[in-house]
Amino acid sequence: MPIPDMPKPPLTASDFYTYITCPHWPWFDRFASPEDRALKRALTASEERRLDDGVSHERAVMATLIKEAPVRELSTAGDVSALFQATLQAMQEGVETIYQGTLIDGDWHGRPDLLLRQEGASRLGNWHYVPVDIKSSHELKLTHRLQLVFYSVLLQRLQGTMPTRAAIVNRDQEWHWFDPQESMADFTAVLAALERIRAGEKPPLVLRKACMDTSPWGVACTRQAEAAHDIALLYNVDVKKLAALRDLGIHTVNDAATLSVPDIAGAAPGLTLKTVEFVKAQAQALRDRTVFVRLPIAFPSVPLEIYFDIESDQPNDADYLFGFLLADGAKGGTYKAFIAERPEDEGVMWREFLAWVETLPDSYVVYHYAPYEVTRLNLLITRHGGSPALQVFMDRMIDLKPIATKQVVYPLYFYGLKYICKLLGFHWTGELQSGGASIDWYERWCETGDRAVLNGIIQYNEDDVRATQFLKEWLATYAGRVTSYNEPYPWVTP
């Protein structure tokens, strides 16, 4: 079999991840101007560590596999044509497991973590190969599926047989299998978009929180949307709805702010009356710097309000701080924290938390922002066990995010707690300003034992729960009726 030609840059599995995260990421990687490249951010320390953690997880999985079956590890350095030839030779020999093989067909270039031999005829003989990737997440995600379908199509071209299954090995070394054909429609759609990008076509404007949090091109994405006053700036309007609005001649924020709701509602799939009303309100909020209360908000009256926030070391899948603000009549409330000073102390922290929950009074509610706290509690129940009192605690949890984001419209691109609370006048007090940086600080604390670092994490968590209380109190004060607020806002002290 001839060694394929390798035009630069090739299509790779990483392109599917970057496209799903931010459609402009693979475009900027190829065609960004010098001015845009100056805006590209470097990886944070947390992101670098996350990559290192993925490598560590991969090594741990491979150590287990090597004990169970013969593995041929191939080089990843050197001429890609030679790497492909070495992989092809191993496949033709029928090697049981190939680690770090290189697959090439035309300008498609893939490197699955593992190629596993399976029984079943192909051009190779009475066997063929299926792809497996080693991932440090828990579940099989869309990006994993698309990357594995990409490898499967490459394998089909090379061995003449389409794999009927592919898998990831997750953080817990569990194998999650699926049939690549089940994800072929999604793969084909993304592939078509990527081929247009590779041909030089710039994707329609889109702006997501992932553009800022994950992609290195977030500032460039924001600037291009702002320069065009594009409807991509509207919060929570997905790609399909953006396309539908553009097809109807709505391209700018002002277009959306002045649209006729009766004319647009129902004009395309997804453009329901409720959606179009929100689009118009969001556009008016951005254009006029207005806060709209669309539906009145009320909260239960109870003797004790608890505000809850968890800090997690996501690369190590460990929770290290449970923070609570107890608003029981005391001025400002009382802050309480449970801390795992080392990742292995998570179980101790959990048991202390369960014991504390047993002491709570009969009447209370627990406010948090976004579903993360519920997700982590359910995971930790599986890991460490629960209790009847904890179930009561969870039954009384109220997520402020759907209340604050569906019933109120803000002049913001994103509706994260920090974005909203900063607009409303809350300020984080410490040097530590983000959850990602909190992970970095926790790892620094574990390495150095510097109490100032741990205290900074605690201060950051206390600010988070106080911000949650601040938001709830703002909603109770200013969002009790349908109304709107223009600058200067009544909650801002001159």
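Residues numbered from 1 in each chain as written. Predicted model: local features only at pLDDT ≥ 70, side-chain atom pairs only at ≥ 80, totals over all residues. Heavy atoms only, no water.

Colleague: Looking at this model, I keep getting lost on the overall build of the protein chain. Mind explaining?
Modeller: Within the protein chain one finds 20 helices and 16 strands. In terms of its C-alpha atoms, the protein chain occupies a principal-axis envelope of roughly 75 × 60 × 40 Å. Counting only residues that meet the buried cut, the protein chain has 52% of its 494 residues in that class. At a minimum sequence separation of 6, the contacts of the protein chain that also span at least 24 residues come to 67%. As displayed, the protein chain offers around 22400 Å² of accessible surface, 52% of which is attributable to carbon and sulfur atoms. In the protein chain, 49 positive and 64 negative side-chain charges are present, and the distance between their average locations comes to 3 Å. (Helix = DSSP H or I, 4+ residues; strand = E, 2+ residues; numbered from the N terminus. Buried < 20%, exposed > 50% of the residue type's maximum accessible area, 1.4 Å probe, protein only. Contact = heavy atoms within 4.5 Å. Areas by Shrake-Rupley, 256 points an atom, 1.4 Å probe, with all protein chains shown as cover. Lys, Arg positive; Asp, Glu negative; His and termini not counted. Charge placed at Lys NZ, Arg CZ, Asp CG, Glu CD.)

Colleague: Quick question: what am I supposed to make of the packing of helix H18 (residues 417-424) against helix H20 (residues 451-478) here?
Modeller: What describes two packed helices is the angle between their axes and the distance between those same axes. Interhelical geometry of H18 versus H20 gives an angle of 65 degrees and a closest axis separation of 10 Å. Both H18 and H20 take part in a crossing whose hand is left-handed. For the pair formed by H18 and H20, the contact residues are Leu 417, Lys 418, Ile 420, Cys 421 and Leu 424 on the first element and Tyr 460, Asp 464, Ala 467, Thr 468, Phe 470, Leu 471 and Trp 474 on the second. (Axes fitted to C-alpha atoms, helices over the stretch in contact; angles between N-to-C directions. Left-handed = near helix turned anticlockwise from the far one by under 90°.)

Colleague: Would you mind showing me how to read the nonpolar core here?
Modeller: Inside soluble globular proteins, nonpolar side chains tend to come together where they are buried. Among the nonpolar cores identified, the biggest contains 79 residues, and Phe 322, Phe 324, Phe 353, Trp 356, Phe 393, Tyr 410 and Leu 475 are the most heavily contacted of them. The biggest single contributor to this core is H20, with 11 residues. Leaving out residues up to four positions away in the same chain, Phe 353 has contacts with Phe 322, Phe 324, Phe 338, Leu 377, Leu 390 and Phe 393. If you look at the next biggest cluster of nonpolar residues, it comprises 75 residues, including Ala 90, Tyr 129, Ala 166 and Ala 220. (Core = buried A, V, L, I, M, F, W, Y, C linked by side-chain atoms within 4.5 Å.)

Colleague: Help me understand helix H15 (residues 372-384) in this model?
Modeller: Every α-helical turn comprises 3.6 residues, leaving residues that sit three or four positions apart pointing alike. With 13 residues, H15 extends 18 Å between its outermost C-alpha atoms, agreeing within 8% with the 18 Å of an ideal straight helix rising 1.5 Å per residue. Residues of H15 that are buried: Glu 373, Arg 376, Leu 377 and Leu 380. Mapping the buried residues of H15 onto a view down its axis gives an arc of 100 degrees, with all of them on the same face. Looking at the packing, one finds that the buried side of H15 touches strand S10 (304-313), strand S11 (318-327), helix H14 (346-357), strand S13 (364-368), helix H16 (388-395) and strand S14 (397-399). Directly beyond the C-terminal end of H15, a positive phi value near 95 degrees is found at Gly 385. (Expected span 1.5 Å × (residues − 1). Arc of directions from axis to C-beta.)

Colleague: I keep staring at the environment of Ala 340 and nothing clicks. Help me out?
Modeller: Within the secondary structure, Ala 340 sits in the loop between strand S12 (334-339) and H14. Spatially, the C-alpha atom of Ala 340 lies 48 Å from that of Met 162, the residues being 178 residues apart in sequence. The residues touching Ala 340, leaving out its near neighbours within four places in the chain, are Asp 319, Tyr 320, Asp 345, Glu 346, Met 349 and Tyr 442.

Colleague: I'm lost on the pattern of salt bridges in this one. Help?
Modeller: Applying the stated criterion to the full structure yields 19 salt bridges. We note a salt bridge from Glu 346 to Arg 383, for which the minimum N-O separation is 3.0 Å. Taken together, the residues Glu 346 in helix H14 and Arg 383 in helix H15 connect sequence positions 37 residues apart. Relative accessible area serves as the criterion here: at 5%, Glu 346 is assigned to the buried category. In this structure, a network of salt bridges that share partners links the residues Asp 107, Glu 195 and Arg 198. (Salt bridge = Lys/Arg side-chain N within 4 Å of Asp/Glu carboxyl O.)

Geometric values such as these leave the question of function open.
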